[in-house]
Amino acid sequence: MPGATMDMDQDDFGRPAEWGDQQPEDGVLGEEDAQVQQECLQKFSTPDYIMEPSVFNTLMRYFQAGGSPEEVIRLLSDNYTAVAQTINLLAQWLIQTGVEPVQIQETVENHLKNLVMQHFDPRKADSIFTNERATPAWLEQMIAHPTWRDLVYQLMEAHPDCLMLKFTVKLISDAGYQGEITGVVAACQQLEVFSRVLGSSLATILDGGEANLAENLPQFAKMVCHGEHTYLLAQVLMAVLAQEGQRGGAVRRVAQEVQRFAQESGHDASRIPLALGRAASYPRLCQALGAMLSKQALNPADITVLYNLFVTSRDPPPVELIRVPAFLDLFMQSLFKPGARINPDHKHKYIHLLAYAASVVEIWKKNKRLSINQDELKATAKAIETVHNLCCAENTGASELLAELGTLYRCIRFPVVAVGVLTWVDGTVSKPKFFEQHTHPTPVPLALLDEVSTYHPLLHPHVLQLLIKLLETEYPELDAMKQLKVKKILLNRMVHLLSCGHVLPVVAYIRRCLEKLDTDLSLIRYFVSEVLDMIIPPYTSDFVRLFLPILENDSIASTLKRAGEHDPVTEFIAHCQSNFMLLD
């Protein structure tokens, strides 16, 4: 951080004698000149004004108005506090004591960022464009550094109407840094900037896997849902991309997730995707589907319209039109949520329409359907109906379900039935007195949950989410010992989920429980013991990174170590130490 120096040559402002020549001959200043001098003197009286970039322009104005050089020299020197030079001196001392220069630079920059955030005045910032006709050189230098670009993004969120910040964000985008612009306000203020950020963010999401989608989608959806214009532009772009290339399915998934986010935020944007897709060619379908999505509820009249179009028609519309996640969720809530009621006369229509959406396979080429395969339709509908009748009948108890467990297991092989069972398990086990009334070591709903984990890897995140909710629920109607017993039952489901391949998310959750200190340590020890009994080398580095710190915790490992030759804790730690580079 070199110290700033200023070299005011005589060639810039003339010789001292020439300054004196600018005084009025009669020694009387005009009112305007006196006012200019007073403004300049006020600036010269501020601390360290000689370090300001505008000092040269102010000096020129002052001398042209007949100002005295002696007064300028006195004010600038008296108010020179050398803040920048003092910081440089302290920085050099710190470096001599062994502090890394990068650490010092970060400390100074972070402090400056906090000061700017506290004292930023958008009106003064906008005056830059009034006083300077061209882009200030310091602004172009500033956006070349990540630290100051980040400051601009933060300021933009706090002052969305500042013209100078809008211009700076555009400069940043023009310079190729649009991938950094993740803030909603900064990205959505200008169409050109938004288009670049939208393309860059969408490419980032598509290039990553499921974990990348979960990480980046919330901010992406928030940006897209900033306003009606941004939502419409993004959905139009994704609708076009979804019909082209091999990644159309991934783009369609992102568009559907954004629609879900908009709906959860209280916005009814359900008709926009219908208008952009092939649904526009089927007015009756558009009207029926749009009405149910807007009201977030199925009704027999609209279901009958769709049933006649898809199930009984010889030339049904494209099946993708009813493969809308929000629409399929409504089926799950109607058919599998405990306590839901459906008109018996129309139940078969609900079941067959859901089966159609889940099982029919179509091949299209250039907007022309080449084939339609309905081979799985009857079997899927039968499985949905069987599980619905078994799980949702009012007089069905645990003993009846236990007798039909084999049938339920066979039906769960169908993915759509597995999703329905997950919905039913959530509604059943979440009832306040469920564990008080069911004392079996593995209640039937949790046994079905294990079966879902076994056959449907894509549902693993949903199973884990449900288990976490149940594990973190308080059960005040149970005494302390029964609560521990219930939570061990739930941990057994997590161990089974881990054995089915959902390893890192499960271990990461237990690791967080240990770090937050909000979980009984005996439960964590139980989980660790069960996992150690079922794993053998080789291990991935990601698994070791998550699981080893749990074992190295004295509160966990001390009670798990066994006397004798076979000690799984010691063996695991020794294996990791000999096969992995462990960092503190």
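Residues numbered from 1 in each chain as written. Predicted model: local features only at pLDDT ≥ 70, side-chain atom pairs only at ≥ 80, totals over all residues. Heavy atoms only, no water.

A. Local environment of the pairing of strand 1 (residues 361-365). With five bridges joining them, strand 1 and strand 2 (residues 368-373) adopt antiparallel strand pairing. The residue bridging isoleucine 363 from the neighbouring strand is serine 371, located in strand 2. Hairpin remark: strand 1 followed by strand 2, antiparallel, with two residues in the connecting loop; positive phi at lysine 366, about 55°. (Pairing = 2+ DSSP bridges. Helix = DSSP H or I, 4+ residues; strand = E, 2+ residues; numbered from the N terminus.)

B. Spatial organisation of the nonpolar core. Judged by nonpolar contacts, the single largest core of 109 residues is most densely connected at Leu306, Phe327, Met494, Val528, Phe547 and Phe572. Sequence-distant contacts of methionine 494, that is, excluding residues within four places in its chain, are made with Leu464, Leu467, Ile468, Leu471, Val506, Tyr509 and Ile510. Within the second largest apolar cluster, 42 residues are counted, among which are Tyr153, Met164, Leu217 and Val224. (Core = buried A, V, L, I, M, F, W, Y, C linked by side-chain atoms within 4.5 Å. Buried < 20%, exposed > 50% of the residue type's maximum accessible area, 1.4 Å probe, protein only. Contact = heavy atoms within 4.5 Å.)

C. Just the packing of aromatic side chains, in detail. Throughout the structure, instances matching the rule amount to 13 aromatic pairs. Connected via pairs of aromatic rings, a cluster forms that spans Phe44, Tyr49, Tyr62 and Phe63. (Phe/Tyr/Trp six-rings, centres within 6.5 Å; stacked < 30°, edge-to-face > 60°.)

D. Looking closely at the environment of alanine 158. In this fold, alanine 158 is placed in helix 10 (residues 146-158). Considering only alpha carbons, one finds alanine 158 and methionine 117, 41 residues apart in sequence, at a separation of 8.7 Å.

E. Geometry of the packing of helix 24 (residues 405-412) against helix 27 (residues 444-455). Across the interface, helix 24 lies against helix 27 with an axial gap of 10 Å and an inter-helix angle of 30°. Read as a crossing pair, helix 24 and helix 27 show a hand that is right-handed. For the pair formed by helix 24 and helix 27, the contact residues are Leu405, Leu408, Tyr409 and Ile412 on the first element and Val444, Ala447, Leu448, Glu451 and Val452 on the second. Grouping the constituent residues of the contact of helix 24 with helix 27 by class yields eight nonpolar, no polar and one charged. (Axes fitted to C-alpha atoms, helices over the stretch in contact; angles between N-to-C directions. Left-handed = near helix turned anticlockwise from the far one by under 90°. Nonpolar A, V, L, I, M, F, W, Y, C, P; charged D, E, K, R; others polar.)

F. Layout of the pattern of salt bridges. Under the defined criterion, the tally for this structure stands at 15 salt bridges. Its salt-bridge partner being glutamate 39, residue arginine 61 comes within 3.5 Å of it at the nearest N-O pair. In this pair, arginine 61 is assigned in helix 4 (residues 55-64) and glutamate 39 in helix 3 (residues 31-44), connecting sequence segments 22 residues apart. Under the relative-accessibility criterion, glutamate 39 is labelled partly exposed at 34%. Put simply, arginine 511 and glutamate 515 hold a salt bridge, and the shortest N to O gap is 3.0 Å. Taken as a pair, arginine 511 and glutamate 515 lie in helix 30 (residues 503-516) at a separation of four residues, close to a single helical turn. For glutamate 515, a relative accessible area of 52% gives the class exposed. (Salt bridge = Lys/Arg side-chain N within 4 Å of Asp/Glu carboxyl O.)

G. Structural detail: the confidence of the model for the protein chain. In this model, the protein chain carries a mean pLDDT of 84, and residues with pLDDT of at least 70 account for 90%. Note that residues 1-27 has pLDDT below 50 and, in this model, 35 contacts with residues that lie over four places away or in other chains. (pLDDT = per-residue confidence, 0-100.)

H. Structural detail: helix 32 (residues 541-552). Compared with the 16 Å implied by 1.5 Å per residue over 12 residues, the 16 Å span of helix 32 between its first and last C-alpha is a close match. Every buried residue of helix 32 is accounted for by Phe543, Val544, Leu546, Phe547, Leu548, Ile550 and Leu551. If you follow the buried residues of helix 32, they end up packed against helix 30, helix 31 (521-532), helix 33 (554-560) and helix 34 (568-579). (Expected span 1.5 Å × (residues − 1).)

I. The packing of helix 28 (residues 460-471) against helix 29 (residues 480-499), seen in detail. Where helix 28 contacts helix 29, the two axes come as close as 10 Å, and the packing angle between them is 165°. In terms of axis orientation, helix 28 runs roughly antiparallel to helix 29. In this structure, helix 28 crosses over helix 29, and the sense of that crossing is left-handed. Seen from helix 28, the contacting residues are His460, Val463, Leu464, Leu467, Ile468, Leu470 and Leu471; seen from helix 29, they are Lys487, Leu490, Leu491, Arg493, Met494 and Leu497. Its residues assigned to classes, the contact of helix 28 with helix 29 shows 10 nonpolar, one polar and two charged. (Parallel < 35°, antiparallel > 145°, perpendicular 65-115°, else oblique.)

J. Region of interest: the domain arrangement of the protein chain. Domain annotation of the protein chain identifies domain 1 (31-81) and domain 2 (194-276). A C-alpha centroid distance of 55 Å is found between domain 1 and domain 2. (Domains from an automatic or database assignment.)

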